[in-house]
There are 2 protein chains.
Amino acid sequence: MIATPYLLYLGHSSDDIGIKTSRGLAVFRPDICVGEFRHDDCPLTLGLARMDFAKAVRAGARTLVLGIANAGGTLGEDLIADSIAAMEAGLDVASGLHSRLKDEPRLVETAARTGRILHDVRDPQPGIPVGNGRPRGGHRLLTVGTDCSVGKMYTTLCLARAMERRGIAADFRATGQTGILIAGSGVPLDAVVADFISGAIEQIAPAREDGGWDLIEGQGSLFHPSFAGVSTGLLHGAQPEVLVMCHDPARTSMRGLPGRALPGLAECIAANLAVARLTSPDVRIAGIALNTSAMAEEAALALCAEVSAETGLPCSDPYRMGVEAILDAVLDPAFARAA
Amino acid sequence: MIATPYLLYLGHSSDDIGIKTSRGLAVFRPDICVGEFRHDDCPLTLGLARMDFAKAVRAGARTLVLGIANAGGTLGEDLIADSIAAMEAGLDVASGLHSRLKDEPRLVETAARTGRILHDVRDPQPGIPVGNGRPRGGHRLLTVGTDCSVGKMYTTLCLARAMERRGIAADFRATGQTGILIAGSGVPLDAVVADFISGAIEQIAPAREDGGWDLIEGQGSLFHPSFAGVSTGLLHGAQPEVLVMCHDPARTSMRGLPGRALPGLAECIAANLAVARLTSPDVRIAGIALNTSAMAEEAALALCAEVSAETGLPCSDPYRMGVEAILDAVLDPAFARAA
């Protein structure tokens, strides 16, 4: 287990999407975040107290979380230097980057010398099985998206909390590094070996018979040419009873691929239902979650109403407006819409 | 590089599909295979001389190829014992199983003691990029399938040879362990980390401007719930101009999943074209390759004619009947069929 509380790393980041792991922790687990670390050229903040490593240690922090993301997940010189300084100040270091802390000799040497621990959250646990697609009991929901980083984790967490408020057993099943740091368990799906993608999801969301729900965090998009394989295996492994489609209306091109247009919502819903049917023939779509964080409130509400009218589905920004209408549709087996 | 010639391992196998790596080498590279090793309870043969390890060494063999496959790719006690005996007799050992030779301490110890080399063909090379889906030049063909193990590698190799016979530059791009052993290079796609599936294919089949073709070996099936993520990323990374659909008419259920029906050919073609269009909007299907090895010749010819009439596509068993009609359609840009 990773020692808490955390100091959240922003470093030199200037891209808000790039700090989504740090932000997700600040939003959903403020109880275990004592502060944020950022360099002078970083224009971003999580609204936490800014601290250097020594001050964070005095404030009780146990682990520096390198909660930043970049395509390919490489470990730059600035991250290495900051991690060394953090360990020398008394912090462990946790990372969700593809490049592993344990593969960088300077970090391994510093950890050994200072007695600190390196956590690579993206290292999957051993023993993941090959998926089998056999029908299993229980209610499962999967969030899917028009693109990467459009709010699937937020939506899933909001749905889990809303279910709990209604007294329904609900387990958030994490599939990415932020979700794993939030939930304390899960599978770093994009780091799983390709043959085991669907099996990894069958493992973290097994059959359940208590009437409760597994709410599975989606990854990528069927329409993202870099990551659609992950999304496909996730749909098959999740065997979802219900999908919720996530979308960022401010996105003008697919994440990391300038010039590549996003799919339309109807097209994207139809494609996801078609893929999901392989293991869940009666899968249905229950709603659309928009990330309206860049919009004024009135415009955001108007857009949700417009999308809802166009698609016939409940639509909201889960974090900003709640998910009650979507949750009503999730819980109503009669709410089904042909795509 | 793996030292040749090879001794091909059958072991205790009794399932013909399970020895497909050994068989593929015997069929496509007989020039580098000196014999086969099998235990007395193995009812299968590749038609090569049966040899124990000492005899194989005397016949010039340099490497024992563990050319057998099983779901999950585990390394059993019999494989370990045989590999130790092979090294003690003077052979290196090459394996395409998921479980790595180098992770078994007894094999590592024996290799060190005897000076032999362990080759894990399924270890991808470092430095695979994330895919980007950007249009790239050159002709590319991808074989796809209704299921796993239905003849995609054979079909791809037969097409490459037929192109070469017509004087067209053609490169077989291997994506599985057998193909890699045959071609001498490629990527073990099912062992690549999930985020890099499409990038791995972009890397092994880069843009080409010589008018020649990259013929890419397919993997899995969009309709196999264990492996469809791999097939999806492969379609996106391949950015294929042409697909050829492979099918085994003797298959009664999806490989490894009793009771799960195969998709229909038309449904499977339509789904593959739809996925491929994300990165190759003008992709077309050029033919159907059947594995008729279990059928008498007359019945096989009749079935191909029937499938061709039903689908409007050329259809043959590539290994048995050649691929000339399919190749004509591959090379004719006007040959396109809406699915």
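Residues numbered from 1 in each chain as written. Chains lettered and ligands numbered in written order. Predicted model: local features only at pLDDT ≥ 70, side-chain atom pairs only at ≥ 80, totals over all residues. Heavy atoms only, no water.

### A word on the sheet that holds strand 10 (residues 284–290) of chain A
Residues and elements named next belong to chain A. Here we have six strands laid out as an open sheet, ordered 7-8-6-9-10-11, and parallel in their pairing. Two strands in the sheet have a free side with no partner beyond their single neighbour: strand 7 (170–173) and strand 11 (315–316). Note: strand 9 (residues 242–247) against strand 10, six bridges, orientation parallel. Counterpart to Cys 246 in the pairing with strand 10 is Ala 289. (Pairing = 2+ DSSP bridges. Helix = DSSP H or I, 4+ residues; strand = E, 2+ residues; numbered from the N terminus.)

### Observations concerning the domain arrangement of chain A
Residue and element names in this part refer to chain A. Domain parsing of chain A yields domain 1 (6–120) and domain 2 (139–331). Taking only C-alpha atoms, the centre of domain 1 and the centre of domain 2 are 27 Å apart. It is Ile 17, Thr 21 and Phe 28 that lose the most area in domain 1 upon contact with domain 2, and together they represent 41% of the buried surface on that side. In this assembly, domain 1 and domain 2 are joined by one salt bridge. With a shortest N-O distance of 3.7 Å, Arg 255 and Asp 15 are connected by a salt bridge. Counting across the domain 1 and domain 2 interface gives four residue pairs in polar contact (both at pLDDT 80 or more). Sorting elements by how many residues they give to the side of domain 1 that touches domain 2 places helix 1 (residues 20–28) first, with seven residues. Here the side of domain 1 that touches domain 2 is built from residues that sort into six nonpolar, five polar and five charged. (Domains from an automatic or database assignment. Buried area = accessible area lost by both parts, 1.4 Å probe. Salt bridge = Lys/Arg side-chain N within 4 Å of Asp/Glu carboxyl O. Polar contact = N/O pair within 3.5 Å; in protein donor to acceptor, adjacent residues only side chain to side chain. Nonpolar A, V, L, I, M, F, W, Y, C, P; charged D, E, K, R; others polar.)

### Focus on the side chain of A:His119
All names here are of chain A. With respect to the helices, strands and loops of the structure, His 119 is situated in strand 5 (residues 118–120). Judged by relative accessible area, His 119 falls into the buried class, the value being 15%. Sequence-distant contacts of His 119, that is, excluding residues within four places in its chain, are made with Met 1, Ile 2, Asp 92, Val 93, Ala 94, Ser 95 and Leu 101. (Buried < 20%, exposed > 50% of the residue type's maximum accessible area, 1.4 Å probe, protein only. Contact = heavy atoms within 4.5 Å.)

### Describing the pairing of strand 9 (residues 242–247) of chain B
All names here are of chain B. The buried count for strand 9 comes to six of six residues, which makes it a mostly enclosed element. Residues Val 242, Val 244 and Cys 246 of strand 9 are buried on one face, and the alternating residues Leu 243, Met 245 and His 247, pointing to the opposite face, are buried as well. Looking at chain direction, strand 6 (residues 139–145) and strand 9 are connected through five bridges and run parallel. Residue pairing in the sheet places Thr 143 in a bridge with Val 244 of strand 9. Once the chain exits strand 9 it traverses helix 9 (residues 265–276) before rejoining the sheet at strand 10 (residues 284–290), and the crossover so formed is right-handed. (Right-handed = clockwise from strand over helix to strand, strands pointing away.)

### Thoughts on the UniProt feature "domain: D-glutamate N-acetyltransferase-like C-terminal" (unreviewed entry) in chain A
UniProt's feature table lists "domain: D-glutamate N-acetyltransferase-like C-terminal" (unreviewed entry) at residues 130–327 of chain A, given in the numbering used throughout. Note that residues 130–327 of chain A is 38% helix and 15% strand, and that its end C-alpha atoms are spaced 32 Å apart. (UniProt positions renumbered as here; feature names shortened; annotations may be inferred.)

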